[in-house]
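Chain and residue survey
One letter stands for each residue in the lines below.
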Amino acid sequence: MRHVDVIVIGGGPAGLMAAIQAVKVGASVILIEKNLNLGEKLLISGRGRCNFTNSEPDVQKFLSRYSSSSSNYKFLNSAFSKFNQKDAEAFFNSVNVPTVHERGGRIFPDESVKPDVKGGQIILNALLNLCKKYGVRILRRSPVIGFDIDNNNKIKRVITRDDEIECGSVIIATGGRSYPKTGSTGDGYSLASKLGHNIIKIYPALVPVKIKESWVKLASGCDLKNVNLSVYKAGEKIAVRFGEMEFAPFGISGPIVMDLSSHIPDWIEPEDSDDVLQFSLDLKPALTHEVLRNRIASDFNKFGSKTFAQVLRKLMPSKIISIVLELSDVPHDKPAAYISSEEIHDLANLIKDIRMTLDNSNHDCGLLSFNHAVITRGGIDLKEVDPGTMQSKLCENLYFAGEILDLNGPSGGFNLQLCWSTGYVAGMSAGLNYKNNK
Ligand SMILES: Cc1cc2nc3c(=O)[nH]c(=O)nc-3n(C[C@H](O)[C@H](O)[C@H](O)COP(=O)(O)OP(=O)(O)OC[C@H]3O[C@@H](n4cnc5c(N)ncnc54)[C@H](O)[C@@H]3O)c2cc1C
């Protein structure tokens, strides 16, 4: 039977980084991947361009962007002290991946160097070249289906569909459940729970949100910029985001919606009634109610011979007008000159507060499924993982890296950075631990 010092399960960004670090400290490493190709999700990240980290310079501010259900972002302090966003950029620069910095601190590989190769492929090639250079052996099309453990809950052998391999340490880097067609089908959760690990309930995150009101269909495809989206629970405002969003046939999507979606399971339980959470869309957050009212009054005055619907076209994108017309009591064809000050007041109210109700009728927190989610929220309970090494507290030769952990970040490169930092630490610790105990 084959024997290897470290087995890494999962050939995504976290597993590749872990394998490279483990082999670099002198361990023999086999990386086991169930797909034929490695890094399938990495290749579609950032629409293929791969926003692999963020340039926020302050590590504490960087860390404050992560959430966790089982602990808090401080879990990542130690990993970031060993390998943070600056190290990640330097790491890729050192292997001939020049980088570009964009809006919101997003960092991408510079595609202009090789115009026919997308950013995700550039990062994947760099990682695969390092695996080759340092001698990581890769087993493809080999789903891991279980472990052979001894009486002390220590892993002796990793069992794949076609093979059994003896090992010193194991790193589980199988990702979450989102975009399952890329290979992330949640296998790591069941592998870890069989070893006694608690799995914090998982939800789709960075995902579009379903809305109960059927009128959202009217604006489907409408992109909105510079709007405010607030969340209300029992009449109290609990969150607000400013930026871009869009309407879809089922509800709402776009950056500010996706960002809010990751927090919805904190605000409601799946069993809650489906009208518990409301969204309020302010189409003109830069204008006070009074300024907006005066502007509407002046437009209606100026274009008095036009109809209500025609004057609205001067105030907002055409697709959103269908919503305003649907929700307003003013008849579409009423001449602007006859619109009362009370109707103008109500219109200003509507433009600054379009109410929508989360559709939790399927008890799924109103979130679209994992097929549409950028990441998974929940996962391996951080209380059972040593933050300095990523080592399991329940199984001494087991480590975790990447999205499988109960950690999630917003968009902007934070989720891949999580993979680089935890992958680096898990690989290094598993490699050194096994070597020292040999
Ligand atoms: C559309 C999209 C765009 C994204 N864009 C960005 C972005 O621009 N920036 C950013 O920071 N993040 C982005 N993300 C998130 C980021 O891609 C993930 O957080 C990251 O890929 C997680 O890496 P991972 O290594 O933990 O897991 P994964 O990338 O999911 O890799 C896990 C690997 O494990 C393998 N595996 C699973 N089970 C087994 C098994 N039983 N045996 C063997 N192998 C197994 C899988 O096949 C897979 O190859 C995006 C995600 C999506 C879906």
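Values in this document were obtained by computation on a predicted structure and should not be read as measured data.

This part covers the sheet that holds strand β5 (residues 106-109). Judged by pairing direction, the sheet is antiparallel, and its 3 strands sit side by side in the order β3-β5-β4 without closing on themselves. At either end of the open sheet lies a strand with only one pairing partner, and these are β3 (53-54) and β4 (99-101). As judged from the 3 bridges shared by β4 and β5, these two strands associate in the antiparallel manner. Along β5, the bridge assignment pairs Val-100 with Phe-108. Relative to the sheet, helix α5 (residues 85-94) contacts β3, β4 and β5, its axis offset from that of β4 by approximately 140 degrees.

All right, on to the sheet that holds strand β14 (residues 251-253) then. Spatial ordering of the open sheet is given by β11-β14-β13-β12-β15-β16, a layout of 6 strands whose pairing is antiparallel. This sheet does not close on itself; its edge strands, each paired only once, are β11 (209-210) and β16 (354-357). As defined by bridge partners, strand β13 (residues 236-248) adjoins β14 across 3 bridges and the pair is classed as antiparallel. Pairing of Glu-246 across the sheet is with Ser-253, part of β14. Most of the contacts of helix α13 (residues 341-352) go to strand β15 (residues 277-282), to which it runs at about 115 degrees, and overall it touches β15 and β16.

For the rest of this paragraph, the subject is the packing of aromatic side chains. In the structure shown here, the tally under the stated rule is 11 aromatic pairs. For the ring pair Phe-62 and Tyr-66, a centre distance of 6.2 Å and an interplane angle of 40 degrees mean the geometry is tilted. Here Phe-62 matches Tyr-66 in class, with each residue buried. With a centroid separation of 5.2 Å and an interplanar angle of 65 degrees, the aromatic rings of Phe-92 and Trp-420 are classed as edge-to-face. Of this pair, Phe-92 sits in helix α5 while Trp-420 is found in helix α14 (residues 414-437), placing the two residues 328 residues apart along the sequence. A relative accessible area of 0% places Trp-420 in the buried class. Feature note: the residues Phe-52, Phe-83, Phe-91, Phe-92, Trp-420 and Tyr-424 constitute an aromatic cluster, connected by ring pairs.

Around the ligand sit 35 residues, and of these Glu-33, Ser-184, Asp-187, Glu-403 and Leu-416 come closest. Asn-35 is positioned with one of its side-chain polar atoms (N or O) 3.4 Å from an oxygen atom of the ligand. A distance of 2.7 Å separates an oxygen atom of the ligand from a polar atom in the backbone of Leu-416. Protein chains shield 95% of the accessible area of the ligand, which is 1,000 Å² for the free molecule. For the shell around the ligand, the secondary structure elements donating two or more residues are α1 (13-24), α2 (40-44) and α14. Counting residues per element, the shell around the ligand draws most heavily on α14, which supplies 4 residues. Residues of the shell around the ligand, tallied by class, amount to 14 nonpolar, 16 polar and 5 charged.

All right, on to the environment of Ile-138 then. Relative to the helices and strands, Ile-138 resides in strand β6 (residues 137-139). Spatially, the C-alpha atom of Ile-138 lies 7.5 Å from that of Glu-33, the residues being 105 residues apart in sequence. Contacts of Ile-138, omitting those with residues within four sequence positions, involve Leu-31, Leu-38, Leu-128 and Cys-131.

For the chain, the domain assignment lists domain 1 (3-205 + 370-437) and domain 2 (208-367). Centre-to-centre separation of domain 1 and domain 2, based on C-alpha positions: 40 Å. Opposite the 11 residues of domain 1 that make contact, domain 2 presents 12 residues. Taken over both partners, the interface formed by domain 1 and domain 2 buries close to 780 Å², and the fraction arising from carbon and sulfur atoms is 55%. Our count for the domain 1 to domain 2 interface comes out at 1 salt bridge. As a salt-bridge pair, Arg-377 and Asp-266 come within 2.7 Å of each other at their nearest N and O atoms.

Thresholds, definitions, all that
Residues numbered from 1 in each chain as written. Predicted model: local features only at pLDDT ≥ 70, side-chain atom pairs only at ≥ 80, totals over all residues. Heavy atoms only, no water. Pairing = 2+ DSSP bridges. Helix = DSSP H or I, 4+ residues; strand = E, 2+ residues; numbered from the N terminus. Contact = heavy atoms within 4.5 Å. Axes fitted to C-alpha atoms, helices over the stretch in contact; angles between N-to-C directions. Phe/Tyr/Trp six-rings, centres within 6.5 Å; stacked < 30°, edge-to-face > 60°. Buried < 20%, exposed > 50% of the residue type's maximum accessible area, 1.4 Å probe, protein only. Near = heavy atom within 4 Å. Polar contact = N/O pair within 3.5 Å; in protein donor to acceptor, adjacent residues only side chain to side chain. Areas by Shrake-Rupley, 256 points an atom, 1.4 Å probe, with all protein chains shown as cover. Nonpolar A, V, L, I, M, F, W, Y, C, P; charged D, E, K, R; others polar. Domains from an automatic or database assignment. Buried area = accessible area lost by both parts, 1.4 Å probe. Salt bridge = Lys/Arg side-chain N within 4 Å of Asp/Glu carboxyl O.

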